Amino acid sequence: MTTTETAPAVAPPAAAPRRRRSTSTARGERPLRLVVVTTIIVAILTLVAWPIVAALLGSLHDWNPLNDTYQWVGLANYRRLFADPVFWTSSVNTVVFMTGAIVGRVVLGLALAYAVHSRLTRTKTLFRTLFYLPTVTPLVAVAYVWRLMYNPQFGAVNSFLGLDVNWLYDSRFALPAVMVMTIWKDFGFAVILYLAGLYALPADVLEAADVDGAGAWARFRRVIWPMLRPTTLFVVVTSIIGYLQAFVQVFVLTAGGPGDATSLISYLIYQEAFENYNFGYASAAAFVLFVGTAVLTMLWYRAQTGPLRGKAH
């Protein structure tokens, strides 16, 4: 009689309990998400969309809040605007001011950032702080200080340069004087951005340029400057938006004078709206400025990103 041994049955491993997805947290987050999204949408509609629509509608009316006038005139304000020589003078001044301020900001900001980033410069934190201080200083305070510095009798500018120039009341020098003050006020922001871009450059690419025997200028022109294109794009785009709407420096320094030598579109809008109470005409100028800002920003963005997209594809 033979006996057969049977192996004990091995129970299958117990299935790991499924982790139930906690729905309480998701349910708790839904009201918060709804509140945040609703707040953002309401803020955009109130602070962005409605002012644009109000300006567009106001530009189509003869609008004077003093005598409670709001009468439909169609495109009459635009026809008057484009036939106004003061508007065209202000437009040319705005373009010249914007171009000069952007070039000065980019060149000075990049040069100083490159100098601070250099191995030869010590106390980098001190220089970064000094360069950024004008940026955080209120623009009104800076404008009043520069107004004293430009004074022809006791101003520091004439004393330092040994000149006798009435900077703010001579049509030849008034707009460049405003541009110089604006560049001094804003170049620190460009310095910080370019410094961030320089510190983010890949070290292996720079070392490869040194190994290939590239000189300082060739290294900057062929390696560093192309890789800083995104930073330059950001600086220029934000400068276009800001300088097309520049107002405070002109209001404090020159009040648009002498004559119309420093009148910018934003100052023309202020004069028509809050001095002449011609809100319809001012709204037309504001809407033209809005469209011009959007078009210039888009064109510059396309011009800078188009080659990069082509290379990527």
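Residues numbered from 1 in each chain as written. Predicted model: local features only at pLDDT ≥ 70, side-chain atom pairs only at ≥ 80, totals over all residues. Heavy atoms only, no water.

### Points about the pattern of salt bridges
In this structure the tally under the stated criterion is 2 salt bridges. A salt bridge links E29 to R33; the nearest nitrogen and oxygen atoms lie 2.7 Å apart. Here R33 and E29 lie together in helix α1 (residues 23-59), a separation of 4 residues that amounts to about one turn. Across the pair D170 and R172 runs a salt bridge whose closest N-O atoms are separated by 2.9 Å. (Salt bridge = Lys/Arg side-chain N within 4 Å of Asp/Glu carboxyl O. Helix = DSSP H or I, 4+ residues; strand = E, 2+ residues; numbered from the N terminus.)

### Overview of the UniProt feature "transmembrane region" (unreviewed entry) in the chain
The sites that UniProt annotates as "transmembrane region" (unreviewed entry) are residues 34-57, 95-117, 129-146, 173-196, 231-259 and 279-301. The span residues 231-259 is 66% helical and 0% strand by assignment, and the distance between its end C-alpha atoms comes to 38 Å. Helix makes up 100% of residues 279-301 and strand 0%, with an end-to-end C-alpha separation of 32 Å. (UniProt positions renumbered as here; feature names shortened; annotations may be inferred.)

### Digging into the environment of Q249
Mapped onto the elements, Q249 comes out in helix α11 (residues 248-253). What makes Q249 buried here is its relative accessible area of 5%. Each C-alpha atom of the pair Q249 and W146 lies 9.6 Å from the other, and the pair is 103 residues apart in sequence. Among residues more than four places away in sequence, those in contact with Q249 are F97, L139, V178, M181, T182 and T254. (Buried < 20%, exposed > 50% of the residue type's maximum accessible area, 1.4 Å probe, protein only. Contact = heavy atoms within 4.5 Å.)

### Details of the packing of helix α4 (residues 124-136) against helix α7 (residues 174-199)
Any two packed helices are characterised by how steeply their axes cross, that is the angle between the axes, and by the distance between the axes. α7 packs onto α4 with a crossing angle of 140° between their chain directions and a minimal axis gap of 5 Å. Viewed along their axes, α4 and α7 adopt a mutual orientation that is oblique. By crossing handedness, the relation of α4 to α7 is classed as left-handed. Residue-level contacts link K124, R128, F131, Y132, P134 and T135 of α4 to W184, K185, D186, F187, G188, F189, V191, I192, L195 and Y199 of α7. Grouping the amino acids of the contact of α4 with α7 by side-chain chemistry returns 10 nonpolar, 2 polar and 4 charged. (Axes fitted to C-alpha atoms, helices over the stretch in contact; angles between N-to-C directions. Parallel < 35°, antiparallel > 145°, perpendicular 65-115°, else oblique. Left-handed = near helix turned anticlockwise from the far one by under 90°. Nonpolar A, V, L, I, M, F, W, Y, C, P; charged D, E, K, R; others polar.)

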